[in-house]
Amino acid sequence: MSHCGICGSDLHARVHTDQLADMATTVGYDQMPRYEDKVVFGHEFCGEVVEYGPDTLCRWKPGTPVVAMPMCRNGRDVQFIGASTEVPGGYAEQIVVQESMTFDVPNGLPAAHAALTEPMAVAWHAVRRSGIRKKQNAYVIGCGPIGLAVIAMLKAAGVRAVVASDFSPRRRELAARLGADIVVDPRNADPFSSSPRPNRLNNVRDLLNLGFDTMEKLRWIPNLPWWYAFRVAHKLEIGPSGPVVFECVGVPGMIDNLLATVPMMSRIIVAGACLEPDTFRPGMAINKEIDLRFSTGYDPGEFRDTLHMLADGTVDPAPLITGTVGFSGVEAAFAALGNAEEHAKILVDPASTATMP
């Protein structure tokens, strides 16, 4: 193993193991470990090929740098690397990965950056799932590791106006370094009023007036079957729309807060993992015609494309890396990651003797 990142889900799993296992069971996956189980964490990793097991194609020479999707399969039994008693994760010197889910690292990409393929792929999946267009406003609420990765991927996708919001000065600084066009402290400024490209539909009155204005213009044209204009707009999905909002905080109350404050016809992508029960007012979402989508993980194509975006310089993950420790510094790194003013992403490097990030 060359490098392995410490993920926010590792921090959650350390103290909320049973809760995560219960949630996994409800969606049909009953292989997650329990609190009393012994697990080697680490699912954001880069390493080198050492040897091959049976029934493999031996695609790469030993010593080839690779990354892999953190999952293995034995028959039909799937185990998540770093979240399993059977498949140890990247906080180990050596791990077993699935050849079909492994990718060689191109262009001499440094191992420290290649190790971030996994969390950056999570962000790329969220951006792709949002369906955002380049001219739409994007708002990233919460600039922890996932929010910061989403900012980088939005800019890689060519989105012109990205507004980031976080209470932490340190995280706001990192958001700007990763490409956010506007960065706000929500105590002092409303993020949805801070875009360099103002939103057209901020409330119900704006939407109603747009309808009146459109009909008045269409009715000025004699004998025009104006309803065809609406049919074409519906078919091409070019009607009025709001911005895309990425919820990357993951605490109870955030969804309801956003439903109340986002502009009309917004699309909210929930990427923050809230582990607690939560409530929101459906009527608020109905009256504002808000789309609500949830996002997690990635597919193999997204994982591969993310790796190549890192390798060709489309995305620079360097600002995310705020510290590195050796194996003996993992406990201190977990503690440090609890302070938003200190760190975003800490890597574990087996060759390092650092005990503090």
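Residues numbered from 1 in each chain as written. Predicted model: local features only at pLDDT ≥ 70, side-chain atom pairs only at ≥ 80, totals over all residues. Heavy atoms only, no water.

1. Here's the deal with the nonpolar core
Using the following cut-off: Buried Ala, Val, Leu, Ile, Met, Phe, Trp, Tyr and Cys residues form a nonpolar core when they are joined through side-chain atoms within 4.5 Å. Each residue is assigned to one of three classes by its accessible area relative to the maximum for its type, calculated with a 1.4 Å probe on protein chains only: buried under 20%, partly exposed between the two thresholds, exposed over 50%. Numbered from the N terminus, helices here are DSSP runs of H or I no shorter than four residues, and strands are runs of E no shorter than two. What makes two residues a contact is simply this: any of their non-hydrogen atoms within 4.5 Å.
Counting 50 residues, the largest nonpolar core has Met120, Leu148, Ile151, Leu154 and Phe246 as its most contacted members. Within the residue set of this core, elements represented by two or more residues are helix H3 (111-114), helix H4 (117-130), strand E7 (137-141), helix H5 (145-156), strand E8 (161-165), helix H6 (169-177), strand E10 (244-247) and helix H11 (300-311). Filtering out sequence-adjacent residues up to four positions away, Met120 remains in contact with Ala149, Ala152, Met153, Thr306, Leu310, Val315 and Leu320. Membership of the second largest hydrophobic core comes to 18 residues, among which are Ile6, Phe41, Val87 and Val330.

2. Thoughts on the UniProt feature "domain: Enoyl reductase (ER)" (unreviewed entry) in the protein
Filter applied, for reference: UniProt positions are given in the numbering used here, feature names are shortened, and annotations may be inferred rather than shown by experiment.
Per the UniProt record, the feature "domain: Enoyl reductase (ER)" (unreviewed entry) sits at residues 8-348. Across residues 8-348, the secondary structure splits into 34% helix and 16% strand, with the terminal C-alpha atoms separated by 14 Å.

3. Quick word on the layout of surface pockets
Stated precisely, the cut-off is as follows: The rule is simple: put a 1 Å grid over the protein atoms alone, call a set of points where a 1.4 Å probe fits but cannot get out a cavity, call an open set with protein on both sides within 12 Å along at least five of seven lines a pocket, and count a residue as lining if it has an atom within 4 Å of a point. Grid points are joined across faces, edges and corners, and a volume is the space filled by probe spheres set on the points. Only Asp, Glu, Lys and Arg are considered charged in this grouping, and only Ala, Val, Leu, Ile, Met, Phe, Trp, Tyr, Cys and Pro are considered nonpolar; every other residue, Gly among them, is considered polar.
Of the pockets and cavities examined, the second largest pocket occupies roughly 1,100 Å³. Around the second largest pocket, the lining comprises 33 residues; the ones closest to its centre are Glu51, Ile95, Val96, Val97 and Gln98. Going through the elements one at a time, strand E2 (44-48), strand E4 (71-74) and strand E5 (77-80) are the ones with two or more residues in the lining of the second largest pocket. Here the lining of the second largest pocket is built from residues that sort into 14 nonpolar, ten polar and nine charged.

4. A few points about the sheet that holds strand E13 (residues 321-325)
Here is the rule: For two strands to be treated as a pair, DSSP must find no fewer than two bridges joining them. Axis lines are fitted to C-alpha atoms, over the contacting stretch for helices. Their N-to-C directions set the angle, which ranges from 0 to 180 degrees.
Read from one edge to the other, the open sheet built from six strands follows the order E6-E3-E2-E1-E14-E13, with strand pairing classed as mixed. Only two strands of the sheet have a single neighbouring strand rather than two, namely strand E6 (102-104) and E13. When the angles between neighbouring strand axes are averaged without regard to direction, this sheet yields 25°. Across two bridges, the pairing between strand E1 (residues 3-5) and strand E14 (residues 345-348) is antiparallel. In the strand pairing of E14, Cys4 is matched with Val348.

5. Observations regarding the packing of aromatic side chains
Selection rule: Each pair of aromatic rings taken from Phe, Tyr and Trp, with Trp reduced to its six-membered ring, is defined by centres within 6.5 Å and is described as stacked if the planes are under 30 degrees apart, edge-to-face if over 60, and tilted in the remaining cases. Geometrically, a lysine NZ or arginine CZ counts as sitting over a ring once it is within 6 Å of the ring centre and also within 35 degrees of the ring normal.
Here the structure, examined in full by the defined rule, presents ten aromatic pairs. Pairing Trp226 with Phe230 gives two aromatic rings, centres 5.9 Å apart and planes at 85°, and the pair type is edge-to-face. What links up through ring pairs into an aromatic cluster is the set Trp226, Trp227, Tyr228 and Phe230. Of note, Arg231 hangs over the ring of Tyr228, and the distance from its end group to the ring centre comes to 5.1 Å.

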